[in-house]
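# Per-entry structural report
The chain contents come next:
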Number of protein chains: 2
Amino acid sequence: MDDAHTVVWNRPERAAKGPAPSRTRAEITAAAIAIADAEGIEALSMRRVAKELGTGTASLYRYLASKDDLLDLMLDAVAAEDGGPPAPTGDWRGDLRTLAYRSRATIHRHPWMTSLAAGRPSLGPNSLDATEHALAALDPLGFDIDVMITVVDTLHAFVRGYAIGELAQQEAVRRSGVGIQEWMDAHAPYLDKVVSAGRHPLLARVIRDAELPHAADSAERGFQLGLERLLDGWEANLPIRP
Amino acid sequence: MDDAHTVVWNRPERAAKGPAPSRTRAEITAAAIAIADAEGIEALSMRRVAKELGTGTASLYRYLASKDDLLDLMLDAVAAEDGGPPAPTGDWRGDLRTLAYRSRATIHRHPWMTSLAAGRPSLGPNSLDATEHALAALDPLGFDIDVMITVVDTLHAFVRGYAIGELAQQEAVRRSGVGIQEWMDAHAPYLDKVVSAGRHPLLARVIRDAELPHAADSAERGFQLGLERLLDGWEANLPIRP
DNA sequence: CATTACTGCGAACACTGTACCCGAGTAGAG
DNA sequence: CTCTACTCGGGTACAGTGTTCGCAGTAATG
């Protein structure tokens, strides 16, 4: 691939001269996302994508400079799922909450997102759109741009971080290839040892109290609580408008 | 490796019968961490670790069932850096703040942590210790264990999520192999185009206002602000004690 | 001492990302 | 229309990956 000096977002899709390409970047990206969704991110290889599309592997490099570029495109493509422009309603808190829930839903639909997003700045057009929308919710308040971006960043941080925790076990189980029952059985002896050793009394309470009560919506409730606390904190402490 | 049915934390390090092993798991883990710190997580291969230790590659599999186990051990080893038991001072808010800052410092020392931690539950002994300590800071308040673990989880989520955002660009630059200046030069045309297109007026303000003012401590200030808002939110809304 | 169970490890296997090179095909120049 | 300069698709090849197998050597057990 040429143009290695520039960046995937700024590279023309089609050359000026030669024959028309038979695929598009979007097509390739969609195929890659489908594979990652269905078989996990570790099953995503260039050969696998090529097979899915019925092309030769080397052909993909006519569209992408590297696999890294493909991963960037995947992340930006799913960022578009967070939704189109939900016009600011005037209720900044409600708007930000909506964005947070949408973002969480998208991550749950594509659990491989979190591991990719670590170490990859979100500079794709759809990611930038999402940030713009979040900022727009705060715009009517008339605060300094530094405050606005900080609010958006911390909110984003919480959503991403919480989702990582939520998905960690689920992803570990999936990668192990066995069912959840076998996975828990494999871990039970170790956790039992920790609990009965007595040096983690509070953790022991968590594990015991969460034996079955660990309701299916406990993660969602925790997310909701933390989100509202963070919004509370900002609402109570927004600096005086200039 | 045998004992594939059990879990790395619960597997005896030394066999009962044969000759004494010449390395330890901790030694291997330390070598792996050193490599990841110095050359990045993508440079970490089993062959590279073996070379570092002066052993044969296959020998590592006498100590570890898989590379995945090694990654788990690495994460738990750095979790120990978060520090020993900082006895609860009675000031729960200060204690949690201390833990958050320590955790952030550890992540900055080992930027590969975030990408590993995504998709990997923190069940190692040192990670469990850290959680126990965080819970201990809240224990004197006498709240329900569910509330306590939610506070700790949301705090953890914020710290992890914020660090991911902080490190994303830095890691992308490092992976690209070029200096920060070349990296920014490569991205500038694209960002200029976005800004001058005019469809992201708020982002444009962020980019322009952060041209140079983007002080070295701006990330730290954002972290501090977000953390205090989250703690504010909890402080103002802790449920009535039973 | 013989047996057993382990250790270290060279070699090999099935994969990975991707560079190179080719024939085939298309757009613009003259 | 012809010619030239380019692009597209993709087979092949290379260096590197995680991991398994089998074998020689060693320590503890009976």
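Given the structure is predicted, the values throughout are model-derived calculations rather than measurements. (Residues numbered from 1 in each chain as written. Chains lettered and ligands numbered in written order. Predicted model: local features only at pLDDT ≥ 70, side-chain atom pairs only at ≥ 80, totals over all residues. Heavy atoms only, no water.)

Since the α-helix advances by 3.6 residues per turn, residues separated by three or four positions end up pointing in the same direction. Residue and element names in this part refer to chain A. Within helix α2 (residues 46-53), burial applies to M46, V49, A50 and L53. Axial view of α2: buried residues confined to an arc of 100°, hence all on one face. Away from the buried face of α2 by more than 90 degrees, exposed residues R47 and K51 are located. Looking at the buried positions of α2, the neighbouring elements they touch are α1 (25-39) and α3 (67-79). Phi for G54, located one or two positions after α2, is positive at around 75°. (Buried < 20%, exposed > 50% of the residue type's maximum accessible area, 1.4 Å probe, protein only. Helix = DSSP H or I, 4+ residues; strand = E, 2+ residues; numbered from the N terminus. Arc of directions from axis to C-beta. Contact = heavy atoms within 4.5 Å.)

Expressed as a screw transformation, the operator carrying chain B onto chain A has a rotation angle of 180° and an axial translation of 0.0 Å, and the superposed copies differ by an RMSD of 0.1 Å. Classification of the inter-copy transformation places it as that of a two-fold axis. Most of the interface of chain B is mirrored in chain A, where 100% of its interface residues again form contacts. (Least-squares fit on C-alpha atoms with pLDDT ≥ 70 in both.)

Turning our attention to the packing of aromatic side chains. Throughout the structure, instances matching the rule amount to 8 aromatic pairs over all chains. Taken together, a centroid distance of 5.7 Å and an interplanar angle of 40° make the contact between F158(A) and Y162(A) tilted. With F158(A) and Y162(A) both in helix α7 (residues 145-176), this residue pair falls 4 residues apart, about one helical turn. For the pair F158(A) and Y162(A), one class covers both residues: buried. Each member of the aromatic cluster is reached from another via a ring pair, and the members are Y101(A), F158(A), Y162(A) and F223(A). Over the ring of F223(B) we find R104(B); its NZ or CZ atom is 5.0 Å from the centre of that ring. (Phe/Tyr/Trp six-rings, centres within 6.5 Å; stacked < 30°, edge-to-face > 60°. Lys NZ or Arg CZ within 6 Å of the ring centre and 35° of its normal.)

Near DNA strand C you find 25 residues, and of these R47(A), Y61(A), K67(A), S22(B) and Y63(B) are the closest. Considering DNA strand C, the proportion of its atoms within 4 Å of the protein that are sugar or phosphate atoms stands at 57%. At a separation of 2.4 Å, a base nitrogen of DNA strand C approaches a polar side-chain atom of R47(A). Contact distances for DNA strand C include 3.1 Å between a phosphate oxygen and a side-chain N or O atom of S59(B). When grouped by side-chain class, the residues that make up the surface near DNA strand C number 10 nonpolar, 8 polar and 7 charged. (Near = heavy atom within 4 Å. Polar contact = N/O pair within 3.5 Å; in protein donor to acceptor, adjacent residues only side chain to side chain. Nonpolar A, V, L, I, M, F, W, Y, C, P; charged D, E, K, R; others polar.)

On to the interface of chain B and chain A. With 63 residues of chain B in contact, the opposing surface of chain A contributes 64 residues. Summing the contributions of chain B and of chain A, the shared interface buries around 5,400 Å²; its carbon and sulfur component is 68%. Where chain B meets chain A, there are 4 salt bridges. Between R175(A) and D68(B) there is a salt bridge, with the nearest N and O atoms lying 3.6 Å from each other. Remark: the boundary between chain B and chain A carries 14 residue pairs in polar contact (both at pLDDT 80 or more). (Buried area = accessible area lost by both parts, 1.4 Å probe. Salt bridge = Lys/Arg side-chain N within 4 Å of Asp/Glu carboxyl O.)

Following the UniProt record, one finds the feature "domain: HTH tetR-type" (unreviewed entry) at residues 22-82 of chain A. Between the C-alpha atoms that bound residues 22-82 of chain A the distance is 29 Å, and the span itself is 59% helix and 0% strand. (UniProt positions renumbered as here; feature names shortened; annotations may be inferred.)

Right, let's talk about the domain arrangement of chain A for a bit. All names here are of chain A. Annotation of chain A at the domain level lists domain 1 (8-78) and domain 2 (85-237). Taking only C-alpha atoms into account, the centre of domain 1 sits 29 Å from that of domain 2. Domain 1 puts 16 residues into the contact, and the matching count from domain 2 is 15 residues. When domain 1 packs against domain 2, close to 1,300 Å² is buried across both sides, 60% of that on carbon and sulfur atoms. Summed over the three residues of domain 1 that lose the most area to domain 2, namely L75, D76 and V78, the buried surface amounts to 42% of that side. Applying the counting criterion to the domain 1 and domain 2 interface returns 3 salt bridges. Here E42 ties to R174 by a salt bridge, and the two come within 3.0 Å at their closest N and O atoms. At the surface where domain 1 touches domain 2, the tally comes to 7 residue pairs in polar contact (both at pLDDT 80 or more). Among the secondary structure elements, those contributing two or more residues to the side of domain 1 that touches domain 2 are α1 and α3. Top contributing element to the side of domain 1 that touches domain 2 by residue count: α3, with 8 residues. For the side of domain 1 that touches domain 2, the residue count by class is 9 nonpolar, 1 polar and 6 charged. (Domains from an automatic or database assignment.)

Another aspect to go through is the UniProt feature "DNA-binding region" (unreviewed entry) in chain A. According to UniProt, the positions carrying the feature "DNA-binding region" (unreviewed entry) are residues 45-64 of chain A. From the first C-alpha to the last, residues 45-64 of chain A spans 13 Å; its make-up is 40% helix and 0% strand.

The subject of this paragraph is the protein's contact with DNA strand D. The local shell around DNA strand D holds 24 residues, among which S22(A), R62(A), R47(B), Y61(B) and K67(B) are the closest. Of all DNA strand D atoms lying within 4 Å of any protein atom, the proportion belonging to sugar or phosphate reaches 56%. Interatomic distance of 2.7 Å between a side-chain N/O atom of Y61(B) and a phosphate oxygen of DNA strand D. Here K67(B) contributes a side-chain N or O atom positioned 2.7 Å from a phosphate oxygen of DNA strand D. Here the surface near DNA strand D is built from residues that sort into 10 nonpolar, 8 polar and 6 charged.

This brings us to the environment of A157(B). For A157(B), the position within the fold is in helix α7 (residues 145-176). Using a relative accessible area of 4% as the deciding quantity, one classes A157(B) as buried. For A157(B), the contacting residues outside a window of four places in its chain are A157(A), F158(A), G161(A) and Y162(A).

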